[in-house]
Amino acid sequence: MTSARKPLMAGNWKSNLNHQEAVVLVQKLAWTLQDKKHDFDKAEVVVIPPFTDIRSVQTLVDGDHLAIGYGAQDVSEHDGGAYTGEISAAMLSKLGCSYVVVGHSERREHHAETDAVVNVKATKALAAGISPIVCVGEGLEVRQAGDHVAYTLEQVDGSLAGLTAEQLADVVIAYEPVWAIGTGEVATPEDAQEVCAAIRGRVEETWSSEVASALRILYGGSVKAANIAAIMAKSDVDGALVGGASLQPEEFAGIARFYAMPDLSGA
Ligand SMILES: O=C(CO)COP(=O)(O)O
């Protein structure tokens, strides 16, 4: 991690916690971070709850002036209108969302989202002033075949196609190898670094070294307080997109405070 890029720890709750549980979790997270004197300059902390929780989280964050940010797990390709069930970027913007996850592997898999769809969603988010967290990453078969870098870079190309350098300044990329999500099978820090560095290299080729050096690239997949320090020690990893561990306030606070954690990897 390079000091010019502020680390980002984002907790993707997936389809967990109702709006009442959301308030309890965010309160506990805020208290824990305050108690441990978390330095928000050393890591931005963001929660990504289900849509139904966002209004409650907004009310809490605004009312208590919390330094915790929040976002959504998906956004519509459409601006509004006759699209039953869809949530537009403008609606998320009105709720104060700073981020939206687009192209999570679970949406690519269960909702057949292609890079082209992810590209439109990222563009809609940016137009509404919301930073898209664009997810990429290979499945186990691709990894075993040794094609993980090429596969992931193709997703980067497709998902970010046509975006300007100015737009890239508001984009975050999350490298989440599918085989490491929710499996306890964490990629090694070297695995994370290999692909995050390749992504940064691709962004440099396509846009510029300025764009690439300012871009935040997160790692996601079985991140815990015990393994985050070793992952963050890698130069091209700028944070984490955390699933299961973000549902436990103590654990997620420990991840946010990676800078105070011992590196237990022995590296
Ligand atoms: O998919 C993830 C975050 O978006 C990672 O989930 P886990 O941290 O539960 O492996």
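Above this note sits the structure.
Computed from a predicted model, the values in this text were never measured in an experiment.

A. Structural view of the sheet that holds strand S7 (residues 216–220). If you trace the eight strands once around the closed barrel, you get S1-S2-S3-S4-S5-S6-S7-S8, paired in parallel fashion. Adjacent strand axes in the sheet meet at a mean angle of 25 degrees, parallel and antiparallel pairs treated alike. Looking at chain direction, strand S1 (residues 8–12) and strand S2 (residues 44–48) are connected through five bridges and run parallel. Note on S2: the bridge partner recorded for leucine 8 is glutamate 44. On the sheet, helix H12 (residues 249–256) packs against S1, S2 and strand S8 (239–242) and is oriented at approximately 155 degrees with respect to S1.

B. Layout of the site of the ligand. The ligand sits among 13 residues. The nearest are Lys14, His104, Gly182, Ser222 and Gly244. At 3.0 Å from an oxygen atom of the ligand is found a side-chain nitrogen or oxygen belonging to glutamate 176. Taken by itself the ligand offers 310 Å² of open surface, and the protein chains cover 95% of this. Taken together, the residues of the shell around the ligand break down into four nonpolar, seven polar and two charged.

C. Quick look at unusual backbone geometry. The phi dihedral of lysine 14 falls on the positive side, at around 55 degrees, and the residue is not glycine. The class for lysine 14 is partly exposed, based on a relative accessible area of 22%. We note that serine 222 has phi near 60 degrees; this positive angle belongs to a residue other than glycine. Examined against the element boundaries, serine 222 turns out to sit in the loop between S7 and helix H11 (225–232). Residue classification places serine 222 among the buried residues on the basis of a relative accessible area of 12%.

D. Highlighting the state of the cysteines. As enumerated under the stated definition, the model contains zero disulfides in all. Summary of cysteine pairing: cysteine 97 is not part of a disulfide, and the nearest cysteine sulfur, belonging to cysteine 135, is at 15 Å. No disulfide involves cysteine 196; its nearest neighbouring cysteine sulfur is the one of cysteine 135, lying 12 Å away. We classify cysteine 196 as buried; its relative accessible area is 0%.

E. Up close: H11. By the criterion of burial, H11 is predominantly enclosed, with seven of the eight residues buried. Along H11, the positions that sit buried rather than exposed are Ala225, Asn227, Ile228, Ala229, Ala230, Ile231 and Met232. In this structure, the buried residues of H11 make contact with S1, helix H9 (189–206), S7, S8 and H12.

Reading the values: rules and limits
Residues numbered from 1 in each chain as written. Predicted model: local features only at pLDDT ≥ 70, side-chain atom pairs only at ≥ 80, totals over all residues. Heavy atoms only, no water. Pairing = 2+ DSSP bridges. Helix = DSSP H or I, 4+ residues; strand = E, 2+ residues; numbered from the N terminus. Axes fitted to C-alpha atoms, helices over the stretch in contact; angles between N-to-C directions. Contact = heavy atoms within 4.5 Å. Near = heavy atom within 4 Å. Polar contact = N/O pair within 3.5 Å; in protein donor to acceptor, adjacent residues only side chain to side chain. Areas by Shrake-Rupley, 256 points an atom, 1.4 Å probe, with all protein chains shown as cover. Nonpolar A, V, L, I, M, F, W, Y, C, P; charged D, E, K, R; others polar. Buried < 20%, exposed > 50% of the residue type's maximum accessible area, 1.4 Å probe, protein only. Disulfide = S-S within 2.5 Å.

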